[in-house]
Every structure is written in structure tokens, then in C-alpha cells.
Amino acid sequence: MQTLAYLDDMFLIGQMDDVLSALSDVKASLEPVGLAIALGKCEIFPNGQILPSQFDQSIAVAKSEIVILRTPIRQSHYVISSCLEIAKSGHDQCDQLKSLENPQSGMLLLRYCHVIRINHLSRTVLPSWISSAVHHHDQLTRNTFESLVNCHGLTDHQWLQATLPIRYGGFGMTAIESTCHIAFVSSWANVLVRLPSCFLNLGDQVKAIVSREGHDHNVQSISQSLQDALPRKKSLADILQNPKKLQHKLCQEQNVQVLESLQSDPQSLKDAARMRSIQGKGAGAWLESIPVSTKFTLKAADFCLATRMRLGCNMPQCSGTSLCECGKGIDRDGYHLLTCKTGGGPVWSHETVAGAWCDCLRHLQIVYHREPRDRYANSDAKADIVVFNA
């Protein structure tokens, strides 16, 4: 039997008979000082237990379905089914994203609105109870991602890369299934350090309840998942001593381990070079660009091609037998077009950057000259932009 009280609010936790007996004792102790319990404001949670015949009918009986801050609580079967329904409710949202003409906008909305939809559940619900929901959620994220960029049938290796943060060469499509254990334990750790010392024994009670209901495997499952994500040469006890930003720290370590696994077994030297390149400073800036104007918006076809190249997919426009303007063959990966100065990407990139500078100068009303001829009489060098009186 456990009693928790704060000012005039009291919680009685225990078996039904013990709770009703304690309630009578509280009422009896309040009467001599002129106080009374407002039974109409009280509520009892039977948790499947049968109410005794002497139960005071003026006390409201809580419904079996309780949702607090969009988190279902109470019986496991109800929590499991409710979480799954929450995950399935994202279908309409994802269908709307798929119908967008601009995949750049769709990708931003997918990352910032859908991927995080059930983050709160991963912090408040046992990982084993939420497993079906997070699996459905992650699969929906993957299907929507593939549809947005017209890149169906990604391999597990490519999708694993997509789940990494952008700075690690991914797309920020976080897999909740791989982080829910970290989120749950981090949530508990942050709560426990804020509780007064008289409440700390609640942790032992919760563990006892979990074991009594036959869910002790949850503790083992959570522990094993955390061990895989722990920073090297550190134990779980060391980490829990400083729970500040614990979830961020563990997810960071997990991302580093995933990245190392992707880099340790590249399919080719091209893949190894690609993984190094897409982690460079600013290499993923195009994924975070908000399409507020044409200058910050990629065409749908260009966005899809850039996505395929970042993931190492074959280019559908490159058959392997096509010839470039320079006369050389175009490989299926499209790498030749990235380096060819005759008809490839360097020319287009150069013109795009120079054009952006000219737009800025024109907006500031600064006089400039684009690629002036005969500027340097004794040299073959040619300036891209000459700025006057700047």
C-alpha cells in the first residue's frame, strides 16, 4: 500500500481492499479537525479488480480507457491497440504528402511533421507494447519517402543510410523502432532525478508490477538494446548518473555506430568516396532549404536525381551506353556528368553560383560586369564577375 500526497491532493495505491480501508481511515482522521473528503471529486481506478459490495457509489469509477496528453494508459491490450491506431492515423497525412508536386516540400514536411508523430509514445509506453505501432509508423515513413522521390525498392542498406541525420549523409528519416528503447529509459531517468527522495521507491514498485504481470522480458529487452547504443567503455550506470540530454547522447552514439557499419563494408571504392563526400560541410544543405522562392527550389526531377545519387542508386537516365558531349560514355551512376567540363555538372554548377552572386549584386544596386573580355591583356585568365566601386 502506497500513499502519495501533495497539499490537498492524495493518491492511494494498492489492492482494492487496502485502498478502501485506507480511505476510511483518512475520512476518520479528518473529521475531528472539521475537514471532509469531497467524494464527488474522487475517482477510483479498479484496474480489472471487482468492486466490493460496500463500495461507496458516490465515488466515480474511471473508464478502462484513459488518455493523458495523447498517451493511452491502463491495460496492455488497450495501450497496444491505441498506439497502433495512432500510428495508422498518419496514412491520410502521408497520402497528402505524396500528392504534392514539389518533392522538396514533401520531404521537409515528412521529416518535421510525420517522422516525429509518435515520439511522445516512445518516451511514455513500454517498448514491447509499442513495437507494432513503431513498426507500422517506420514502414509508412519508408513508403512515403520512396514515393516522394520516385525511388521505389530501396535496399535495407540504402534505407538505413536514409534514417541517419543529414550531417551523417542521411535524410533524417529517424527509425523510431531503433530508438524507442533509448527514449523510454531516458524519460524515466530524467523523471527519477527530479523526484523527492521519498518517491524514489516508486521505481522498485513499478519493476515489481512489471514482473508480476509477466512482462519482465521488457527490462531485459530494454537493457540489451541500450548496451548496443552505449558509448564505448561506459556502462549504463555511468550514463544514468548524468541523465541530462541522455536520449540525445545515446542516439548520437547509435548513429555513429550505424555510420561506421555502413563505411566499414562499402560495395565499391565509389561507394566509399560517396559516403565521405556527402558528410562534407554543406553537402546536405539542399535537403534543408525551404522552397520560399525559385532560387531555393529544385525541380522535381533534379531533387529526385540528387536523392538517388546521395543514396548510391542507379540513374534511370543513364543507360550505361549513352555518350556525353565530350565523346566518353556515361556510367549508370552518373559520376561522369559530375566531373565533365564539356557537358556535365561543373559547368552548370559554376553558372548557377555565378548567377546567384549577380542577383545579389543587382539587388544591392552594385555595378558589376559578368565575364568581361580582354580584361587582362597579358594573361589568358578570365574573371567571372568584376565588381566596380564595391
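Residues numbered from 1 in each chain as written. Predicted model: local features only at pLDDT ≥ 70, side-chain atom pairs only at ≥ 80, totals over all residues. Heavy atoms only, no water.

Draft legend 1. Layout of the overall build of the protein. Tallying secondary structure elements over the protein gives 17 helices and 8 strands in all. The proportion of buried residues among the 390 residues of the protein is 35%. Sequence separation of 24 or more characterises 53% of the internal contacts of the protein that already satisfy a separation of 6 or more. When the accessible surface of the protein is summed, it comes to about 23800 Å², and 55% of that surface belongs to carbon and sulfur atoms. (Helix = DSSP H or I, 4+ residues; strand = E, 2+ residues; numbered from the N terminus. Buried < 20%, exposed > 50% of the residue type's maximum accessible area, 1.4 Å probe, protein only. Contact = heavy atoms within 4.5 Å. Areas by Shrake-Rupley, 256 points an atom, 1.4 Å probe, with all protein chains shown as cover.)

Draft legend 2. Spatial organisation of the packing of aromatic side chains. Counted by the stated rule, this structure contains 4 aromatic pairs. Residues Phe145 and Trp159 carry aromatic rings whose centres are separated by 5.6 Å and whose planes lie at 65° to one another, so their mutual orientation is edge-to-face. You can see Phe145 sitting in helix α6 (residues 127-148) and its partner Trp159 sitting in helix α7 (residues 156-162), a full 14 residues away along the chain. Residues Trp286 and Phe303 carry aromatic rings whose centres are separated by 5.3 Å and whose planes lie at 70° to one another, so their mutual orientation is edge-to-face. (Phe/Tyr/Trp six-rings, centres within 6.5 Å; stacked < 30°, edge-to-face > 60°.)

Draft legend 3. Inspection of unusual backbone geometry at higher detail. A positive phi angle, close to 55°, is found at Asn150, a residue other than glycine. Overall, the relative accessible area of 53% leaves Asn150 in the exposed class. We note that Gln365 has phi near 60°; this positive angle belongs to a residue other than glycine. By secondary structure assignment, the location of Gln365 is in the loop between α17 (345-363) and β7 (368-370).

Draft legend 4. A look at the environment of Ile278. With respect to the helices and strands, the residue Ile278 is situated in the loop between α13 (269-277) and α14 (285-288). Ile278 gets classed as buried once you look at its relative accessible area, which sits at 10%. On a C-alpha basis, the gap between Ile278 and Arg167 in space is 8.1 Å, while along the polypeptide they are 111 residues apart. The contacts of Ile278, once residues within four sequence positions are left out, are Gln161, Ile166, Gly169, Ala283 and Arg310.

Draft legend 5. A look at the state of the cysteines. Scanning the entire structure with this criterion turns up 0 disulfides. Distance from the sulfur of Cys360, which forms no disulfide, to the nearest cysteine sulfur (Cys358) is 9.3 Å. Take Cys360: its relative accessible area is 44%, and that puts it in the partly exposed class. (Disulfide = S-S within 2.5 Å.)

Draft legend 6. Looking closely at the pattern of salt bridges. Enumeration according to the criterion identifies 5 salt bridges in this entry. Of the charged contacts in the structure, one is a salt bridge between Arg370 and Glu351, with a shortest N-O distance of 2.8 Å. With Arg370 in strand β7 and Glu351 in helix α17, the pair connects residues that are 19 residues apart, well separated along the chain. On the basis of relative accessible area, Arg370 is assigned to the partly exposed category, the value being 27%. The shortest N-O distance in the salt bridge between Asp359 and Arg362 comes to 2.8 Å. (Salt bridge = Lys/Arg side-chain N within 4 Å of Asp/Glu carboxyl O.)

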